Amino acid sequence: MEREELAAWLRLTLTPGVGNGSARKLLAAFGLPESIFTQPISTLAQVVSRKQATSLHTEPPELTALLETTWSWLEADRQQRRIVVLGNPTYPPSLLTIEDPPLMLYLLGGQRNESTGNSENEGSNSPSALVQYAQTAIDLIANSQASSIAIVGSRNPTPQGAANARHFAKAFSEAGLTVVSGLALGVDGAAHEGALDGLGPNDNRLATIAVVGTGLDRVYPKSHRDLAHRIAENGLIISEYPLGTPPLAENFPRRNRLIAGLAQGTLVVEAALKSGSLITARLAAEQGKDVFAIPGSIHSTQARGCHALIKQGAKLVESAQDVLEELKIPLPKQSTASSSASHEDSTEADDLSDAENGLLAALGFDPVGLDALQARTGIPTAQLQADLMTLELEGLVSRLPGGLFQRLTVV
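Residues numbered from 1 in each chain as written. Predicted model: local features only at pLDDT ≥ 70, side-chain atom pairs only at ≥ 80, totals over all residues. Heavy atoms only, no water.

*Asks:* I'd like a rundown of the sheet that holds strand S12 (residues 404–407), residues and numbers included.
*Replies:* Reading across the sheet, the three strands line up as S10-S12-S11 and stay open at both edges, with antiparallel pairing between neighbours. A strand with exactly one partner marks an edge of an open sheet, and here the two such strands are strand S10 (368–369) and strand S11 (397–400). Here S11 pairs with S12 via four bridges, running antiparallel. Each bridged residue has a counterpart across the sheet, and for Leu400 the counterpart in S12 is Leu404. Of the strands in this sheet, S11 and S12 touch helix H17 (residues 381–393), which is tilted by about 110° from S11. (Pairing = 2+ DSSP bridges. Helix = DSSP H or I, 4+ residues; strand = E, 2+ residues; numbered from the N terminus. Contact = heavy atoms within 4.5 Å. Axes fitted to C-alpha atoms, helices over the stretch in contact; angles between N-to-C directions.)

*Asks:* Just give me the short version of helix H1 (residues 3–14), but keep the residues and values in it.
*Replies:* Given a rise of 1.5 Å per residue, 12 residues ought to cover 16 Å, and the 16 Å separating the end C-alpha atoms of H1 matches this to within 8%. Burial in H1 covers these residues: Leu6, Ala7, Ala8, Trp9, Leu10, Arg11, Leu12 and Leu14. The inward-facing, buried residues of H1 abut helix H2 (20–30), helix H3 (33–36), helix H5 (50–56), helix H6 (63–76), strand S1 (81–85) and strand S2 (104–109). (Expected span 1.5 Å × (residues − 1). Buried < 20%, exposed > 50% of the residue type's maximum accessible area, 1.4 Å probe, protein only.)

*Asks:* Describe unusual backbone geometry, naming the residues involved and giving the relevant values.
*Replies:* The omega angle of the peptide bond from Tyr220 to Pro221 is 0°, so this bond is cis rather than trans. By secondary structure assignment, the location of Pro221 is in the loop between strand S5 (208–211) and helix H10 (225–234). The phi torsion at Asp100 lies on the positive side, around 60°, for a residue other than glycine. With respect to the secondary-structure elements, Asp100 resides in the loop between S1 and S2. Residue Lys328 is not a glycine yet carries a positive backbone phi of 60°.

*Asks:* Before we move on, could you go through the sheet that holds strand S4 (residues 178–181) and cite the residues and values that matter?
*Replies:* Pairing in this open sheet of nine strands is mixed, and the strands run S1-S2-S6-S5-S4-S3-S7-S8-S9 from one edge to the other. Strands at the two margins of the open sheet, each flanked by one partner only, are S1 and strand S9 (315–316). As paired strands, strand S3 (residues 148–152) and S4 are joined by three bridges and run parallel to one another. Its bridge partner being in S4, Ala150 is matched across the sheet by Val180. On top of the sheet, H1 reaches S1 and S2; it is set at about 120° to S2, its chief contact. Packing of helix H13 (residues 304–311) onto the sheet brings it into contact with strand S7 (265–268), strand S8 (290–293) and S9, and relative to S8 it is tilted by some 135°.

*Asks:* Run through the pairing of S3, naming residues and quoting values.
*Replies:* Within S3, five of the five residues are buried, leaving the element largely enclosed by the surrounding structure. Of the two faces of S3, the one holding Ser148, Ala150 and Val152 and the one holding Ile149 and Ile151 are both buried throughout. Where the polypeptide runs from S3 across helix H8 (residues 159–174) and back to S4, its parallel neighbour, the crossover connection is right-handed. Across three bridges, the pairing between S3 and S7 is parallel. The partner of Ala150 across the bridge, within S7, is Thr266. (Right-handed = clockwise from strand over helix to strand, strands pointing away.)

*Asks:* Could you give an account of the pattern of salt bridges, with specific residues and numbers?
*Replies:* Where charged atoms of side chains with opposite charge meet at close range, the side chains can pair. Overall, the coordinates contain 13 salt bridges when judged by the stated rule. In this structure, Asp100 and Arg24 form a salt bridge, with 2.9 Å as the shortest nitrogen-oxygen distance. Of the two residues, Asp100 is situated in the loop between S1 and S2 and Arg24 in helix H2; the sequence distance between them amounts to 76 residues. In this structure, Arg78 engages Glu75 in a salt bridge whose closest nitrogen and oxygen atoms are separated by 2.8 Å. Judged by relative accessible area, Arg78 falls into the partly exposed class, the value being 26%. (Salt bridge = Lys/Arg side-chain N within 4 Å of Asp/Glu carboxyl O.)

*Asks:* Explain H13 residue by residue, including any values.
*Replies:* Within H13, the full set of buried residues consists of Gly305, Cys306, His307, Ala308 and Leu309. Residues of H13 that are buried in the fold lie against S7, helix H12 (277–286) and S8. Directly beyond the C-terminal end of H13, a positive phi value near 115° is found at Gly313.

*Asks:* I'd love a proper account of the packing of aromatic side chains, names of residues and values included.
*Replies:* One pass over the full model with this rule turns up three aromatic pairs. For the ring pair Trp73 and Tyr106, a centre distance of 6.4 Å and an interplane angle of 65° mean the geometry is edge-to-face. Here the residue Trp73 occupies a position in helix H6, and Tyr106 occupies one in strand S2, the gap between them amounting to 33 residues. Taking the centre distance of 6.1 Å and the plane angle of 70° together, the rings of Phe168 and Phe172 count as edge-to-face. Placement of both Phe168 and Phe172 in helix H8 is noted, with a separation of four residues, approximately one turn of the helix. (Phe/Tyr/Trp six-rings, centres within 6.5 Å; stacked < 30°, edge-to-face > 60°.)

Don't take any of this as a statement about function, it's just geometry.
Pasting the structure below:
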């Protein structure tokens, strides 16, 4: 993208009162943004309102600064950074059919083809090498929707929910799927981690795509900075928002349409009834995509969103294999996909004492308080606390807020 072209697109997105819908009408009528700004107000007013037409003839005051920032960002690393605009042949086709497709997509990352720019006669920073690399990354995202799955869920999952997200994502990645999520705390982060875990040493594909609600010069939450760097090395981070955009609350529900649009189906791991994950699931269903949900405890508020989805027709899944079979994706050899999210603990009983096995059985799989657990087992408080600490150190029990304990399924 040339600087003049970038300036015109940024000006279109910054013009007050001209949203994506009006901008698409203008693009359909006049072609590229450069042509829009050459039209007289009277001509523009035939497509949009006169107020909008007048606004288009005034350059936004923040344009110069944003253009300089964005151009510098692109020029700093043409191997990892790219902007794709609506109407360009490299625009992801799966996003063209969603409601309100973005005018601009900012991309960070994309795996580099081993052979690109590494020949003896061509340096890795040569123009032809950069073009080839950029096209490789765009081709990957353009084709990823045919073999991708979105994983979404609570920002405050139970330990089991986070483990399920990571396990399912790893299994999907091992099967060759790209895992799409939102880089948020909780389930999103665990899903990206799992997808990266499942990437083989010689895999030259997108392990995961993170769709974010900020500009790509920011990482939100900050605790995911290292994770974002890993995603940029083995996947893509995508935003529709200009550089410098802070983490505004209203941006995150909007980005969910892109998460659903980039994926073949959506898996909800854990979600409360008012979770933003349910927005993603609804958008996926409206787009004609499969929606999957993992059931949980009837006593857990973090499971009620999934249960509501299942009542509405989402497919109940207990293992990654359930999803792969529904999507007709072949199971790879030695995959973890057949492990269940809800089956009995697979830890070898020989590794635990009779007392520890008995305590695990008494715990069940629902969160339980110390008093209730003591009533079930009759174990003195001091001994019960010691046994729970042992199981916690062995990774079989998690301590939850409110003095609750939960047994963890080994998946």
